[in-house]
Amino acid sequence: MGTQSGCTDWHLIITNKYTMLIKNQRSVIINMTSKQRAYLKSLAGTLEPVFQIGKSSLTPEVTEAVGEAFHTRELIKLNVLKNCMDDPKELAQTVAERTHSQVVQVIGKKIVLYKPFKDNPKIILPK
């Protein structure tokens with residue numbers, strides 16, 4: 001990928017578990033296998049939503065809070081309230097992009113995001 005002045009190059013790392021795109025020492029999983037996604041969905045089934053996106057939609061404060069939650073959790077579930085007029089799929093993509101995480105699933109008004117810990121991931125994805 002090309003660079004702009006003052007920007008760091010993107011680096012692509014392909015492992016046997018997943019593909020990661022790294023920029024400025026932050027990693028983003030850019031694709032997962034269906035088996036890995038299914039495993040994360042099964043783990044997310046028992047999770048309660050930790051954040052709610054409401055009438056004011058996706059504010060910088062909500063994005064920041066989700067980003068901070070990834071310091072202690074690898075898998076996060078969000079709830080989009082009925083009074084939010086934005087499309088949950090678009091919100092999921094936006095939050096994932098801003099927090100450098102991966103969208104696992106969007107079902108109705110529930111969003112599940114995944115971001116592995118850099119040093120010692122707790123969730124080990126199947127191959």
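Residues numbered from 1 in each chain as written. Predicted model: local features only at pLDDT ≥ 70, side-chain atom pairs only at ≥ 80, totals over all residues. Heavy atoms only, no water.

K.L.:
Kindly report on helix α2 (residues 60-69), identifying the contributing residues and their values.
P.N.:
Of all the residues in α2, the buried ones are V62, T63, V66 and A69. Each buried residue of α2 lies within a common arc of 125 degrees when the element is viewed along its axis, so the set occupies one face. The outward face of α2, more than 90 degrees from its buried face, is lined by the exposed residues P60, E61 and E64. (Buried < 20%, exposed > 50% of the residue type's maximum accessible area, 1.4 Å probe, protein only. Helix = DSSP H or I, 4+ residues; strand = E, 2+ residues; numbered from the N terminus. Arc of directions from axis to C-beta.)

K.L.:
Account for the pairing of strand β6 (residues 102-107), naming residues and giving values.
P.N.:
Relative to strand β7 (residues 110-114), β6 runs antiparallel, the two being bridged by five bridges. Bridged to I107 within β7 is K110. Hairpin geometry of β6 and β7 is characterised by an intervening segment of two residues between the two adjacent antiparallel strands and by a positive phi of about 60 degrees at G108. (Pairing = 2+ DSSP bridges.)

K.L.:
Can you explain the sheet that holds strand β4 (residues 51-53)? Please cite residues and give values.
P.N.:
If you walk across this open sheet you meet the four strands as β4-β5-β7-β6, and the pairing is mixed. The outermost strands of the open sheet, each flanked by one partner alone, are β4 and β6. Within the sheet, the average angular offset between the axes of one strand and its neighbour, ignoring direction, is 25 degrees. Bridge analysis of β4 against strand β5 (residues 75-80) gives three bridges, and the strand direction is parallel. If you follow Q52 over to β5, its bridge partner there is N79. Most of the contacts of α2 go to β4, to which it runs at about 155 degrees, and overall it touches β4, β5 and β7. (Axes fitted to C-alpha atoms, helices over the stretch in contact; angles between N-to-C directions. Contact = heavy atoms within 4.5 Å.)

K.L.:
Describe the pairing of β5, listing the residues and the values that go with them.
P.N.:
The element β5 is largely enclosed, with a buried count of six among its six residues. On β5, burial covers both faces: L75, K77 and N79 on one face and I76, L78 and V80 on the other are all buried. Crossover β4 to β5 through α2 is right-handed. Bridge count for β5 against β7 is five bridges, and the pairing is antiparallel. Across the sheet, L78 pairs through a bridge with I111, a residue of β7. (Right-handed = clockwise from strand over helix to strand, strands pointing away.)

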